[in-house]
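# Working through the structure, step by step
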Amino acid sequence: MAKIVILASGSGSNAESIIRYAQAHNTYQVASVISDKSEALVLQRAKNLGVEAETVVKTKDESKVQFEDRLVHVIEKYQPDWIVLAGFMKLLSKNFLMNFYDQKIKQFKVVNIHPSLLPLFPGKEAYEQSFNSGLAEYGCTIHFVDEGMDTGKMIYQERLKKIEGEDFETFKARGLAAENRIYPIILEKLFVEFSS
Ligand code: GRF
């Protein structure tokens, strides 16, 4: 069974939904949730579901490489098959990613969910940008992670229709609900497809 470590910085609705799915279906295992923010709600959500939660916070006098090396060290305790990003707000460099390179699939075994129909609106505030774009469709993209900003190979895209007159909060809540619904299922498929 695939074992994963989730990296998250925020509220953790995706992390919670992945953990609940994994526990209900027993098709993969969430070994730990690691956050770079000590106050992140995701830590409490993980603990409430009986999953280990740890923090690795970048200190002021630490370089990006030093921080990432420390993060890799903590992740490696769990010997995960995959790293799953769920609202992790730091861009990971090649220095980090190389630790999880898989020769067979020629990808880093690191997956992310981004709240837009990539390549549209990479980076921050993607829901805001989609909402203000005037486009009739929006959604989210699950993709392999590379060293760029939301530029890795696409795995799956979920498309939603913008509703006439809908306010931003409802628009975003519908998007996040779609993320929470599809992320655990797409991960399950991915782990089966690329099981070693
Ligand atoms: C989601 O919209 C995700 O796509 C983005 O950050 C947000 C995290 O939300 N990368 P949550 O912490 O999972 O609730």
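Just above, that's the structure.
Predicted, not measured: the structure shown is a model, and the values here were computed from it.

Parameters at a glance
Residues numbered from 1 in each chain as written. Predicted model: local features only at pLDDT ≥ 70, side-chain atom pairs only at ≥ 80, totals over all residues. Heavy atoms only, no water. Buried < 20%, exposed > 50% of the residue type's maximum accessible area, 1.4 Å probe, protein only. Helix = DSSP H or I, 4+ residues; strand = E, 2+ residues; numbered from the N terminus. Arc of directions from axis to C-beta. Near = heavy atom within 4 Å. Polar contact = N/O pair within 3.5 Å; in protein donor to acceptor, adjacent residues only side chain to side chain. Areas by Shrake-Rupley, 256 points an atom, 1.4 Å probe, with all protein chains shown as cover. Nonpolar A, V, L, I, M, F, W, Y, C, P; charged D, E, K, R; others polar. Salt bridge = Lys/Arg side-chain N within 4 Å of Asp/Glu carboxyl O. Contact = heavy atoms within 4.5 Å.

## Side note on helix H2 (residues 41–48)
Buried within H2 we find Val42, Leu43 and Ala46. What you see down the axis of H2 is that its buried residues fit within an arc of 105 degrees, all on one side. Of the residues trailing H2, Gly50 is marked for its positive phi of about 80 degrees.

## Remarks on the site of the ligand
Close to the ligand lie Ser11, Gly12, Ser13, Asn14, Gly87, Ile113, Pro115, Tyr127, Leu176 and Glu179. One nitrogen or oxygen atom from the main chain of Gly12 is found 2.7 Å from an oxygen atom belonging to the ligand. Taking 370 Å² as the accessible area of the ligand by itself, protein coverage stands at 84%. Counted by class, the shell around the ligand contains four nonpolar, five polar and one charged residues.

## A few points about the pattern of salt bridges
Think of it this way: side chains of opposite charge can pair up when their charged atoms draw near. Applying the stated criterion across every chain yields a total of 13 salt bridges. Arg45 is paired through a salt bridge with Glu16; the nearest N and O atoms lie 2.7 Å apart. Linking Arg45 in helix H2 with Glu16 in helix H1 (residues 13–25), this pair joins segments that are 29 residues apart in sequence. Arg70 is paired through a salt bridge with Glu62; the nearest N and O atoms lie 2.5 Å apart. Arg70 gets classed as partly exposed once you look at its relative accessible area, which sits at 34%. Owing to a relative accessible area of 11%, Glu62 belongs among the buried residues under this scheme. Linked by salt bridges that have partners in common, Glu16, Arg20 and Arg45 make up one network.

## Observations regarding the side chain of Glu68
For Glu68, the location among the structural elements is in helix H3 (residues 64–76). Excluding residues within four positions of it along the chain, Glu68 makes contact with Leu91, Leu92, Ser93, Asn95 and Phe96.

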